[in-house]
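Commentary on secondary and tertiary structure
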Amino acid sequence: MLASFFATFLIGLREGLEAALVVGILVAYLTRVGRRDALPKLWTGVGFAIALALGVGAIFTFGAYMLTFEAQELLGGGLSLLAVAMVTWMIFWMQKAGRTLKAGLEGGVEKALRGGVWALVAIGFVSVAREGVETTLLLWSMVESFGESPVALVGALVGLVTAVVLGWFIARGMLRLNLGRFFTWTGGFLIVVAAGVLAYGFHDLQEAGALPGPFAAGAPVDPATGLVATGWAGFPFGWAFDVSQAIAPDSAVAVLLQATVGFMPAMTWLQVIAWVIYVAVVVPLFVRGVRANRRPRPTVPGDAEAPTAHAPSLAPVSAAADASVSSASPAVSSTTASPAAPLGSDLPASLAPGVPARSAPPVAPRSCGAPASS
């Protein structure tokens, strides 16, 4: 029970925080350019995106009851594969485009401001809809595999609410979070979860008869027992292992393993092969991306200074380029600074909320005459 709650909570937290940071960047930019009148249009687009995600989840949940068993399994397997594809793409896209995400979003809003009402609604919709549909597909696949719908859904809901609260605190400068490290660790966890969802998707497709497996007529049979062969005798369309006698499928240990690493007490060879290939391919690529993002980059002198423990004011975004922002409200300054950090590395100290602005040290006047003799 706790395992399924924790797994869906973490997914809701990560995906929700991504969406919250994106919305925070858009809101901060509109505030900075003095177009708060456009915020209702942006929030309308965000509302449409949330409604789409909820609608997709409702259709998949309640619409499946009207299908035959084979059709339900075929739908579940296909959606599991789609969820894995979307999650994998999003993980690597965030690694690559995270550093330029803020500039890209602000450029889109600037064009939308010249395009009319529906352009801004579309910006809000597209910015959140992708995360919403991806989260819905992944959570739906996980809930189907766990069989503990209420607990898993509560975990996802708590994670999403927590993400919204954290995003608001970060945007207001009231919380400093190492977003680079957070998204790196949760990205690694999502890869393992996606491998489990992929394996469960193969299981559904085998049950539906779309893929060969132990549920089909051509499955390898153990001549001694007359049952589907297990182990190497069942390769490649039988059971890879079956430890149901030692680990009951509905036990807490089984749920914990399935929620974290995608383990099931009985798995087919196709499930095991899919899990191993996915992890063997995706994990090295993910690690390489993490190392590439940690390469040293040129820094502005003064950014390496440690933040002050008790800062009475907030730092401006930039002393020269963004003087108008820093002369506005501190909340706007911190909002534009914080959401840019996610998705590559930590915020430099000069952009971190809660750090007082530093002034240049006074320069002593230099005399043009000859030095005085002692």
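As a starting point, this report considers the structure included with it.

How each quantity is defined
- Residues numbered from 1 in each chain as written.
- Predicted model: local features only at pLDDT ≥ 70, side-chain atom pairs only at ≥ 80, totals over all residues.
- Heavy atoms only, no water.
- Helix = DSSP H or I, 4+ residues; strand = E, 2+ residues; numbered from the N terminus.
- Buried < 20%, exposed > 50% of the residue type's maximum accessible area, 1.4 Å probe, protein only.
- Polar contact = N/O pair within 3.5 Å; in protein donor to acceptor, adjacent residues only side chain to side chain.
- Core = buried A, V, L, I, M, F, W, Y, C linked by side-chain atoms within 4.5 Å.
- Contact = heavy atoms within 4.5 Å.
- Expected span 1.5 Å × (residues − 1).
- Arc of directions from axis to C-beta.
- Axes fitted to C-alpha atoms, helices over the stretch in contact; angles between N-to-C directions.
- Parallel < 35°, antiparallel > 145°, perpendicular 65-115°, else oblique.
- Nonpolar A, V, L, I, M, F, W, Y, C, P; charged D, E, K, R; others polar.

1. Examining the side chain of T135
- Inspection of the secondary structure puts T135 in helix α5 (residues 117–146).
- Judged by relative accessible area, T135 falls into the buried class, the value being 8%.
- A distance of 2.7 Å separates a polar side-chain atom of T135 from the backbone oxygen of E131.

2. Overview of the nonpolar core
- Core analysis: the largest hydrophobic core is formed by 32 residues, its most contacted members being I11, L17, L138, M142 and Y278.
- Ignoring any residue separated from it by four or fewer positions in sequence, one finds Y278 in contact with V84, T88, I191, A194, A195, L198 and V283.
- Judged by nonpolar contacts, the second largest core, of 19 residues, contains V23, L26, A112 and L120.

3. Here's the deal with helix α4 (residues 101–115)
- Taking 1.5 Å of rise per residue, 15 residues should cover 21 Å, and α4 covers 21 Å from first to last C-alpha, within 8% of that figure.
- Here α4 has its buried residues at L101, K102, L105, E106, V109 and A112. End-on, the buried residues of α4 take up no more than an arc of 125°, which puts them together on one face. Counted as exposed and oriented over 90 degrees from the buried face of α4: A103, K111, R114 and G115.
- Trailing α4 by a residue or two, G116 shows a phi angle of about 110°, which is positive.

4. Description of the packing of helix α7 (residues 179–207) against helix α8 (residues 252–260)
- Axis separation between α7 and α8 bottoms out at 7 Å; the angle between their running directions is 110°. Here α7 is positioned roughly perpendicular relative to α8, judged by the angle of their axes. Contacts from F189, V192, V193 and Y200 in α7 reach Q258, A259 and T260 in α8.
- Among the residues forming the contact of α7 with α8, the class breakdown is 5 nonpolar, 2 polar and no charged.

On their own, these measurements won't tell you what the molecule is for.
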